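Structural features, examined
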Amino acid sequence: RTHARPHDRTPARPHARRQAAASTAAFPTTPFPDHCATEPMATEIPASEGPPRGSEEGKAGQQKGRTGANRAGMVECSYVGQAAAAAIDSALMGPSYGFRNEQLMELAGLSVASSILAKYPPPGQEQKSQRQGQEGQGQGQADRVLVICGPGNNGGDGLVTARHLFHLGYTEISIVYPKYFDKPKDPYFAALMTQCKALGIEVSPKMPSSIGTSFYLVVDAMFGYSFKGSAPRAPFDSVIEAVNECKATLVAVDIPSGWHVEDGDVSGKGVRQPDMLVSLTVPKRCAYKFTGKYHMLGGRFVPPKLAKELGLKVPGYSGASQCREI
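Described below are features of the structure shown in this document. Here, residues in each chain are numbered from 1, in the same order as that chain's written sequence. Restriction of local features to residues with pLDDT of at least 70 applies here, the model being predicted, together with a cutoff of 80 or more for giving and counting side-chain atom pairs; totals for whole chains, interfaces and linings are based on all residues. Hydrogen atoms and water are omitted, and side-chain values are computed over all heavy atoms in the structure.

Quick look at the packing of helix 4 (residues 101-119) against helix 6 (residues 153-167)
Quick reminder of the rule: For helices, the axis comes from a line fit to the C-alpha atoms of the stretch in contact; other axes are also lines fit to C-alpha atoms, and the angle between any two N-to-C directions lies between 0 and 180 degrees. Helix and strand assignments follow DSSP, with helices taken as H or I runs no shorter than four residues and strands as E runs no shorter than two, numbered in order from the N terminus. We call two directions roughly parallel when the angle between them is under 35 degrees, roughly antiparallel when it is over 145, roughly perpendicular when it lies between 65 and 115, and oblique otherwise. The handedness criterion is simple: a crossing whose near helix is rotated anticlockwise from the far helix by less than a right angle is left-handed, and one whose near helix is rotated clockwise is right-handed. In what follows, a contact means two residues having at least one pair of non-hydrogen atoms within 4.5 Å. We call Asp, Glu, Lys and Arg charged. Ala, Val, Leu, Ile, Met, Phe, Trp, Tyr, Cys and Pro are nonpolar, and the rest, Gly among them, are polar.
Direction vectors running N to C along helix 4 and helix 6 enclose 55°, while the axes themselves pass 7 Å from each other. Considering their axes alone, helix 4 and helix 6 lie oblique with respect to each other. Relative to helix 6, the crossing made by helix 4 is right-handed. Contact residues: helix 4 offers Asn101, Met105, Glu106, Ala108, Gly109, Leu110, Val112, Ala113 and Ile116, while helix 6 offers Asn153, Gly156, Asp157, Val160, Thr161, Arg163, His164 and Leu165. Looking at the contact of helix 4 with helix 6 residue by residue, the class counts come to eight nonpolar, six polar and three charged.

Set out below in structure tokens:
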């Protein structure tokens, strides 16, 4: 965060990323405040249309059929860049709205876990039959989940996600926390690890020797929207290589790790195309490059007043859902 999340090595990330769920009406598009004037942010972009036809983003969208948008119908939703994402978080945690970083991570993790439950439920729950023989799953290991957490707020989202997944019925969960394992940068991260360990969730600084045959699903919670798009450094370079080599179903939290928030995997060293992308608050511009199966939107708490002030278009949610497909 520019001012509220100093422990994150990345300036800020859309923990502001929760939607003004209560309102399904499109908010008027107004300019961002002057301090974000250089950000080519959130012009209202219907998700079913995506970027301009003929652009690289548009070609990617046409190749995949804008999967989530076409399935979910016409969904109007803003796509934002890095500066705008930081401004959203700063506003949420400012005096006018009063959110705390810990709250935003909790809401983000719940959104991600809810998205996973909706599309990849654990054994014994509805839709189990849909997972049998699904490409990308570990043979006979449909209940096993690996959550890979980075050192910043995206990693905190991952720790919260793991805890919620346990309570949602996923009984075999492992967490990899490659950096600051012995001494997290923030005491709250240490508390989150303690919570997970108390549930019997294994937390380790090292990657397991075999991902693809041991885990059905891998959650990428390494880097968030402040990643600059250069090649990831150790120890995450080798972690990403291992993820890219495995065939487990991959779920990315907000930004696929190693991707630039606006331009995608410019270094060619980021994670592969995820099977599911869970955007938080509103999608980031790199989501135009996403060609996976499910594009989910997570969070349900952004005040309608804030959305209107920042010119954000955010779709509504149904019932008590903490996520939706876009």
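After that view of the structure, there is still more to cover.
Re the side chain of Ser174
Applied cut-off: Partly exposed residues are those whose accessible area sits between 20% and 50% of the maximum for their type, while under 20% is buried and over 50% is exposed, using a 1.4 Å probe and protein chains only.
Within the element layout of this structure, Ser174 appears in strand 4 (residues 172-176). Ser174 sits in the buried class, given a relative accessible area of 8%. If we skip the residues at most four places from it in the chain, Ser174 touches Arg144, Val145, Leu146, Val147, Ile201, Glu202 and Phe215.

Some remarks on the side chain of Ser114
Its location among the elements puts Ser114 in helix 4. For Ser114, a relative accessible area of 16% gives the class buried. Ignoring anything within four residues of it in the chain, the contact list for Ser114 reads Leu168, Gln322 and Cys323.

What to know about the nonpolar core
Worth spelling out the cut-off: Buried Ala, Val, Leu, Ile, Met, Phe, Trp, Tyr and Cys residues that are joined via side-chain atoms within 4.5 Å together make up what is termed a nonpolar core.
Among the nonpolar cores identified, the biggest contains 45 residues, and Leu92, Phe99, Leu146, Ile148, Val218, Met222 and Leu312 are the most heavily contacted of them. Every element with two or more residues in this core is listed here: helix 3 (82-92), strand 3 (144-149), helix 8 (236-245) and helix 9 (304-310). Among the elements that line this core, the one with the most residues is helix 3, at five residues. The next biggest cluster of nonpolar side chains, apart from the first, holds 36 residues, and it includes Tyr120, Leu165, Ile175 and Cys323.

Brief notes about the environment of Met276
Mapping Met276 onto the fold places it in strand 8 (residues 276-280). Taking the relative accessible area as the measure of exposure, Met276 reaches 0% and is therefore buried. Contacts of Met276, omitting those with residues within four sequence positions, involve Ser115, Ile116, Lys119, Tyr120, Leu250, Val251, Ala252, Phe290, Tyr294 and Met296.

Regarding helix 8
Worth spelling out the cut-off: Think of the arc as the fan of directions from the helix axis to the C-beta atoms.
If you check which residues of helix 8 are buried, you get Phe236, Val239, Ile240 and Val243. The arc that holds the buried residues of helix 8, viewed along the axis, is 95°, so those residues lie on one side. Buried-residue contacts for helix 8 involve strand 3, strand 6 (217-221) and strand 7 (249-253).

Some thoughts on unusual backbone geometry
Put simply, Ala234 and Pro235 share a cis peptide bond, and its omega is 5°. Its place among the elements puts Pro235 in the loop between strand 6 and helix 8. Positive phi values are uncommon outside glycine, yet Asp254 reaches one of about 70°. Of note, Asp254 is situated in the loop between strand 7 and strand 8. Judged by relative accessible area, Asp254 falls into the buried class, the value being 1%. Residues other than glycine seldom take positive phi values, yet Thr281 does so here, at roughly 75°. Position of Thr281 among the secondary structure elements: in the loop between strand 8 and strand 9 (294-298).

Shape is all these values report; function is a separate question.
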